[in-house]
Structure formats: structure tokens, C-alpha cells
Amino acid sequence: MLKLNKAQQAKYNEIIEQLKVNSIKITEIRSNIIKLIIISEHINIQQLTLKLEKILANVNLASIYNTIDLLLKEHIITSNTFDGKNIWYELSTNKSAHIKCDNCGNIEHVSADKITNINFDEFRDLILDKKQMLEHVKIELHVICESCIKKRN
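Residues numbered from 1 in each chain as written. Predicted model: local features only at pLDDT ≥ 70, side-chain atom pairs only at ≥ 80, totals over all residues. Heavy atoms only, no water.

K.L.:
Any chance you could explain the sheet that holds strand β2 (residues 77–81) here in plain terms?
P.N.:
Each strand in a sheet pairs with another by means of backbone hydrogen bonds, the pair being arranged parallel or else antiparallel. Here we have three strands laid out as an open sheet, ordered β1-β3-β2, and antiparallel in their pairing. A strand with exactly one partner marks an edge of an open sheet, and here the two such strands are β1 (43–44) and β2. As defined by bridge partners, β1 adjoins strand β3 (residues 87–91) across two bridges and the pair is classed as antiparallel. Looking at β3, one finds that I43 is bridged to Y89. Its contacts with the sheet put helix α4 (residues 61–73) on β2 and β3, and the angle it makes with β2 is roughly 105 degrees. (Pairing = 2+ DSSP bridges. Helix = DSSP H or I, 4+ residues; strand = E, 2+ residues; numbered from the N terminus. Contact = heavy atoms within 4.5 Å. Axes fitted to C-alpha atoms, helices over the stretch in contact; angles between N-to-C directions.)

K.L.:
So what exactly am I meant to see when it comes to the pairing of β3 here?
P.N.:
Regular strands have side chains that alternate between both faces of the sheet. Two strands pair when backbone bridges link them, and β2 and β3 are joined in this way by five bridges, in the antiparallel orientation. The residue of β3 that forms the bridge with N80 is W88.

K.L.:
Got a minute to help me understand the pattern of salt bridges in this structure?
P.N.:
A side chain with one charge may pair with a side chain of the opposite charge, provided their charged atoms come close. Under the counting rule described, the total for this entry stands at three salt bridges. Between E14 and K11 there is a salt bridge, with its nearest N and O atoms 3.1 Å apart. Of this pair, E14 and K11 both sit in helix α1 (residues 6–21), separated by three residues, roughly a single helical turn. By relative accessible area, which is 46% here, E14 ends up partly exposed. The shortest N-O distance in the salt bridge between D102 and K100 comes to 3.5 Å. (Salt bridge = Lys/Arg side-chain N within 4 Å of Asp/Glu carboxyl O. Buried < 20%, exposed > 50% of the residue type's maximum accessible area, 1.4 Å probe, protein only.)

K.L.:
Any chance you could explain the side chain of Q8 here in plain terms?
P.N.:
Mapped onto the elements, Q8 comes out in helix α1. Setting aside chain neighbours within four positions, we find Q8 in contact with K3, I38 and I39.

K.L.:
Explain the domain arrangement of the protein chain here, please?
P.N.:
Domain boundaries in the protein chain define domain 1 (6–88) and domain 2 (93–152). For domain 1 versus domain 2, the separation of C-alpha centres amounts to 22 Å. In total, domain 1 and domain 2 occlude about 770 Å² of area from one another, counting both sides; carbon and sulfur atoms represent 58% of this. Ranking the residues of domain 1 by area buried against domain 2 places E41, H42 and F82 at the top, with a combined share of 63%. Counting across the domain 1 and domain 2 interface gives one residue pair in polar contact (both at pLDDT 80 or more). (Domains from an automatic or database assignment. Buried area = accessible area lost by both parts, 1.4 Å probe. Polar contact = N/O pair within 3.5 Å; in protein donor to acceptor, adjacent residues only side chain to side chain.)

This is the structure:
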């Protein structure tokens, strides 16, 4: 059984309500996938499968992929590809930033409160000429992390 803190539980309830409004059935596997995505800053299919196998007796890989597709379609989660191979999933937000070490591959999700000083309106202004509407912004910073720098020296 997955335990959520108060803020995570509120987010879970919000997502479940959104799905119910759209007449989407809340199955045990869907519920657990949503909770795992809420708990994790980002998670890939392999990690999700391993964690689900510890929680549920019978995990069907097709059900995992179908649930991920559903959550993407409903704009509850977004996908990111940091290395051109693995797809990572996280809750949708209108602002998203990540820092990736190009040496070890470690990925750090930057919390929304740390990017509040970035003027995201400038991105919206860039597309106004084209009469388009900005959905969300993803920023990906590529670095060599402190640990990898120390290993080089």
C-alpha cells in the first residue's frame, strides 16, 4: 500500500476527480500508477513496473502502457526524453525544468518554487506573432555534476 503525504493526497484526489469527470474508470493499477508518479519526481516504465510488482500480485505490462497513454492523453502527465532512449514521466505542470548530468546521467527535477523568477511570459511573447497559445514550457539544462567533476580531478 502506497502512503501519500497530505499534499500528495490532495494532488491524487484532484487527478482522480478529473478522470471521473471524464468518465474514466479508476482501476487498482491506474490508482497505483498515479500514486507512484506523484511520489516520484520522474519515473520511467522500467522503474514503474518494478515498483508495481512489489505492490500488486499481477502486473500486466499492457495495462501499464495503456494507463500511461491515457494519462498523457488527459494531460495529467508529460513525457521527457533526456538521453534519446529512455522516456521519463512526471506530473504535468505549465512550467518544467530539469538539470541533467551528461556524464553520469543523473536527472534532477527543479521544483517550481526555484524557477519562479524566470520570466516565462517572454516565451509566450515569442509565439504571439504566430497567433499560437503557449501550453507549457520545458527547460532542460545539461551539466557535469559536482560528483563527476570530483571524479575527474
